[in-house]
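Architecture and fold: a report
Each chain, letter by letter, is given below.
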Amino acid sequence: TMLRLVNVNVKPLARKVPGEARFMAVNSTFNVVGFFRTPSKVYCQPGCMQTALTEFWKKKRVFVVTDKRLVDIGVSRKVTDLLDQYKYQYQIFSNIEADPVLANVMEGVNAMKEFKPDVIVAIGGGSPMDSAKVMRVLYENPKQSFASLARRCKNIRDGITEEDRMSPLASGTLADLVCIPTTSGTGSDVTPYAIITDETSETNEHHALADEALMPTMSIVDANLALEMPPTVTANSALFALAHSIEAYASPLGNDLTRALCLHSAKLIFTNLPRAYAEGKNAPDAREALHHAGTMSGMALANTSPGGVCHALAHRLCASFRMSPGTAHAALLPHCVAVEVKSSQTALRRYGELAAHLGFDAADDQARVTALIKGIEKLKGQVGVPAMLMDVVDPKTDHRDILELRMRNITTGAAADALLAAQAAGKMKAPSAAELRKMLVTAWDSPAA
């Protein structure tokens, strides 16, 4: 589902424009057109899964994508029990790692081709959902390899070639995709993005894919599935969602719809995370608020870009050190905000607005942003998340010397990702690898506030 918000000042595209020049003109026009897209339907209430799954009563074969931990602790069974009740045939694929790798995805694609599902259900955090998205695209587009998919899916607003733009990937022709988040932060259930690591590459390449074909058909945001989340997962996933909300709020691609989602999701996180962390399942209302905030922040991110500087740097950091996305984003976010407001008056104004909405009021925008940064650090402290990267990594293997060795790959890749996001927003400049290196070194052993 997509609602386009068209800028009335956009000039019509001239029809007599040859080849590559026409493609560039299309890109230029598209960059100033806002849009809002979501899955066709989003269910969001504790217990809603039972009703939501009945929508597929005409379907026959369900391919379930999850991970071994969720199978072992019985979370995925809450879904498969309903599939049994509704007489669906199903197959479970649970060979998904915490950081999804290409080998697992291709194994799932082969299993999918053999089973021939007409519904795919992804249960879990970002890893099962991202994996299921890519599996479905490769299942429905058998002529595509992962390499060709990675090439054409670098930027959702700017296709790689005109041929790609004229021949969109199939989506939903063979199977619907239903995402059921069990953590409250990735937002993957409502985004057309996926992150897959090619573990066979020398640099452990992290592929951030973006395409309309990756958008799920339905999201089922049932907070009952998140009640048993451990405190650490609660904290990390909520701080991941907070990074979505904060960066999306200042995005040049934002609009009133996305910024409204950012404001409310950030407010829900600041208000409810400490209690959900401390009380767990004994605070179901706080759990529900965080679960909804995770999806709302995902919607905001889906309709601005795959993220700004914080997301670009954190994704590369996660691939290199295998740390959780929430931890990486939490460590980097305050530093990224501090750097961004120094170089952009628009960012300063936007972050000042957000800070005021969250109750960090002060005399001017700069003072409000400073208070926001301190507020993020305080929230991290309340839920046991370290202020510095050096306190997150394994000191036996991931010390400062290792960071120095990996720095070039991390910052070069992040700079390229940040430039793609900036160009999608109509900007031609993004932080350089050297600037990102400085930020990363600071975040390693210095708190932001």
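Relevant structure appears above.
Throughout what follows, the structure given in this document is the object of discussion. (Residues numbered from 1 in each chain as written. Predicted model: local features only at pLDDT ≥ 70, side-chain atom pairs only at ≥ 80, totals over all residues. Heavy atoms only, no water.)

1. Overview of the overall build of the chain
We count it as follows: What counts as a helix is a DSSP run of H or I of at least four residues, what counts as a strand is a run of E of at least two, and both are numbered from the N terminus. The buried label applies to any residue whose accessible area, calculated with a 1.4 Å probe on protein chains only, is under 20% of its type's maximum; exposed applies above 50%, and partly exposed to all values in between. Here the Shrake-Rupley method, with its probe set to 1.4 Å, supplies the accessible areas, and only the displayed protein chains count as covering residues.
Of regular secondary structure, the chain possesses 17 helices and 10 strands. A total of 449 residues make up the chain; the buried ones form 56% of that total. For the chain, the exposed surface amounts to about 19100 Å²; the carbon and sulfur share of it is 55%.

2. Describing the pairing of strand 8 (residues 193–198)
This is how it is decided: Strand pairing is defined by DSSP finding a minimum of two bridges between the two strands.
Along strand 8, 6 of the 6 residues are buried, which leaves the element largely enclosed by surrounding structure. On strand 8, burial covers both faces: Tyr193, Ile195 and Thr197 on one face and Ala194, Ile196 and Asp198 on the other are all buried. Examined bridge by bridge, strand 8 and strand 9 (residues 205–210) share 6 bridges and lie antiparallel to one another. Following the sheet pairing, Asp198 is matched in strand 9 by Glu205.

3. Thoughts on the packing of aromatic side chains
Two numbers describe a pair of aromatic rings. These are the distance of the centres and the angle of the planes. Note the following rule: Ring pairs are drawn from Phe, Tyr and Trp, using the six-membered ring of Trp, whenever the two centres fall within 6.5 Å, and their geometry is named by plane angle: stacked under 30 degrees, edge-to-face over 60, tilted for the rest.
Going through the model one piece at a time under the given rule, you end up with 4 aromatic pairs. An angle of 70 degrees between the planes, with centres 5.6 Å apart, marks the rings of Phe270 and Phe360 as edge-to-face. With a gap of 90 residues between them, Phe270 in helix 10 (residues 256–279) and Phe360 in the loop between helix 14 (345–357) and helix 15 (365–382) connect regions that are remote in the sequence. Members of the aromatic cluster, connected to one another through ring pairs, are Phe63, Phe93 and Phe115.

4. Observations regarding the packing of helix 5 (residues 102–115) against helix 6 (residues 126–140)
Just so we agree on the cut-off: Every axis in this analysis is a line fitted to C-alpha atoms, fitted for helices over the stretch in contact. Angles between the N-to-C directions lie between 0 and 180 degrees. If an angle is under 35 degrees, it is roughly parallel; if it is over 145, roughly antiparallel; if it lies from 65 to 115, roughly perpendicular; otherwise it is oblique. Here a crossing is taken to be left-handed if its near helix is turned anticlockwise relative to the far helix by less than a right angle, and right-handed if that turn runs clockwise. Between two residues, a contact is recorded if the distance between any of their heavy atoms is within 4.5 Å. We call Asp, Glu, Lys and Arg charged. Ala, Val, Leu, Ile, Met, Phe, Trp, Tyr, Cys and Pro are nonpolar, and the rest, Gly among them, are polar.
At a minimum axis distance of 9 Å, the contact between helix 5 and helix 6 shows a crossing angle of 50 degrees. Regarding the angle of helix 5 to helix 6, the classification is oblique. The two elements helix 5 and helix 6 cross, and the hand of that crossing is right-handed. Facing helix 5, whose interface residues are Asn104, Val105, Met106, Gly108, Val109, Met112 and Lys113, helix 6 presents Ser131, Val134, Met135, Arg136, Leu138 and Tyr139. In terms of residue class, the contact of helix 5 with helix 6 is made up of 8 nonpolar, 3 polar and 2 charged.

5. Section: the environment of Val190
Mapped onto the elements of the fold, Val190 is located in the loop between strand 7 (176–181) and strand 8. In the structure, Val190 is positioned 112 residues away from Ala302 in sequence and 7.2 Å away in space, judged by C-alpha atoms.

6. Describing the sheet that holds strand 10 (residues 218–221)
On the basis of which strands lie adjacent, the open sheet formed by 6 strands has the order 3-10-7-6-4-5 and parallel pairing. The open sheet has two edge strands with one neighbour each: strand 3 (41–44) and strand 5 (89–93). Here the strands of the sheet are splayed against their neighbours by 15 degrees on average, with no regard to which way each runs. When strand 3 meets strand 10, the two strands line up parallel, connected through 4 bridges. In the strand pairing of strand 10, Cys44 is matched with Val221.

7. Concerning the pattern of salt bridges
Selection rule: When a carboxyl oxygen of Asp or Glu lies within 4 Å of a side-chain nitrogen of Lys or Arg, that pair is called a salt bridge.
Taken as a whole and assessed by the stated rule, the structure comprises 11 salt bridges. A salt bridge links Asp176 to Lys59; its shortest N-O distance comes to 3.4 Å. With a gap of 117 residues between them, Asp176 in strand 7 and Lys59 in the loop between helix 2 (49–52) and strand 4 (61–65) connect regions that are remote in the sequence. Taking the shortest distance from any N to any O, the salt bridge between Arg368 and Asp361 comes out at 3.3 Å. Arg368 gets classed as buried once you look at its relative accessible area, which sits at 14%. Through salt bridges with shared partners, a single network forms among Arg349, Arg350 and Glu353.

8. Details of the nonpolar core
Within soluble globular proteins, side chains that are nonpolar tend to cluster in buried spots. Heads up, the condition is: Among the buried residues, those of types Ala, Val, Leu, Ile, Met, Phe, Trp, Tyr and Cys that are joined through side-chain atoms within 4.5 Å form a nonpolar core.
Core analysis: the largest hydrophobic core is formed by 73 residues, its most contacted members being Ile269, Leu317, Leu332 and Leu389. Leu317 has contacts with Arg322, Met323, Ala328, Leu332, Leu389, Ile410 and Leu440, leaving out every residue within four places of it along the chain. Core analysis: the second largest hydrophobic core is formed by 32 residues, Ile96, Ile120, Ala132 and Met135 among them.

9. Examining the side chain of Asn104
In this structure, Asn104 sits in helix 5. Overall, the relative accessible area of 6% leaves Asn104 in the buried class. When sequence neighbours within four positions are dropped, the list of residues in contact with Asn104 reads Phe93, Asn95, Ile96, Glu97 and Met135.

10. Brief notes about helix 14
For clarity, the cut-off: Here, expected helix span is obtained from the residue count minus one, scaled by 1.5 Å. What qualifies as a polar contact is a pair of N or O atoms within 3.5 Å, subject to a donor-acceptor requirement within protein and to the restriction that residues adjacent in sequence count only when both atoms come from side chains.
Helix length check: helix 14 (13 residues) gives 19 Å between terminal C-alpha atoms against 18 Å at 1.5 Å per residue, within 8%. Every buried residue belonging to helix 14 is among Ala347, Leu348, Arg350, Tyr351, Gly352, Leu354 and Ala355, and all of these are buried. In the core, the buried residues of helix 14 are packed alongside helix 9 (231–249), helix 10, helix 13 (325–343) and helix 15. Capping of helix 14 at its N-terminal end is provided by Ser344; its side-chain oxygen lies 3.4 Å from the backbone amide nitrogen of Thr346. After helix 14 finishes, the residue Gly359 shows a positive phi value of roughly 95 degrees.

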